[in-house]
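Structural characterization, general
Residue-level listing of the chains:
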Amino acid sequence: MNWNIEYYSLKVKQSILNLPEGLLARYLRLTDLMIEFGSNLGKPHTSHLDKGLFELRVKGKEGIARVFYCVQIGKKIIMLHMFVKKSQKIPKNELNIAIKRMKEVIKNDS
């Protein structure tokens, strides 16, 4: 059984689909692998951040993007938030958005 990828909102999906061409191509390739092999592709592609929050690390000639996601029972990967990375560290506000959304997803799932 393959995994399913869902999006926190249409806005999240649109922001991902509006990535520059090279980053979008890389995102689509990585999500194809996630659908087939699961949510944890290992470094350098995926990374566990904290208490059920993960990041998909998308790198291309146009730069670096991060997509935060969580996993639910039933082989569901929920894409929570995306941003284009401009510094070495993850900006706190970007991380806080993902954590807040993950808590909402968990609350609505129970």
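A short tour of the structure in this document, coming up. (Residues numbered from 1 in each chain as written. Predicted model: local features only at pLDDT ≥ 70, side-chain atom pairs only at ≥ 80, totals over all residues. Heavy atoms only, no water.)

**Some details on the packing of aromatic side chains**
What characterises a pair of aromatic rings is the spacing of the ring centres plus the angle enclosed by the ring planes. Going through the model one piece at a time under the given rule, you end up with 2 aromatic pairs. Consider the rings of Phe54 and Tyr69, whose centres lie 5.5 Å apart with planes at 20 degrees: the pair is stacked. With Phe54 in strand S3 (residues 53–60) and Tyr69 in strand S4 (residues 63–72), this pair connects stretches of sequence that are 15 residues apart. The pair Phe54 / Tyr69 is uniform in exposure class, with both members buried. (Phe/Tyr/Trp six-rings, centres within 6.5 Å; stacked < 30°, edge-to-face > 60°. Helix = DSSP H or I, 4+ residues; strand = E, 2+ residues; numbered from the N terminus. Buried < 20%, exposed > 50% of the residue type's maximum accessible area, 1.4 Å probe, protein only.)

**As for the nonpolar core**
One finds Ile16, Tyr27, Leu56 and Met79 to be the most contacted residues of the largest nonpolar core, which totals 20 residues. Listed by contribution, the elements that provide at least two residues to this core are helix H1 (10–17), helix H2 (21–37), S3, S4 and strand S5 (76–85). Tallying contributions element by element places H2 first for this core, with 6 residues. Membership of the second largest hydrophobic core comes to 9 residues, among which are Cys70, Ile78, Leu80 and Ala98. (Core = buried A, V, L, I, M, F, W, Y, C linked by side-chain atoms within 4.5 Å.)

**Things to note about unusual backbone geometry**
The phi angle of most residues is negative, glycine excepted, and most peptide bonds adopt the trans form. A cis amide bond, omega 10 degrees, links Lys43 with the succeeding residue Pro44. By secondary structure assignment, the location of Pro44 is in the loop between H2 and strand S2 (46–50). Non-glycine residue Lys51 carries a positive phi angle of around 40 degrees. Note that Lys51 resides in the loop between S2 and S3. By relative accessible area, which is 71% here, Lys51 ends up exposed.

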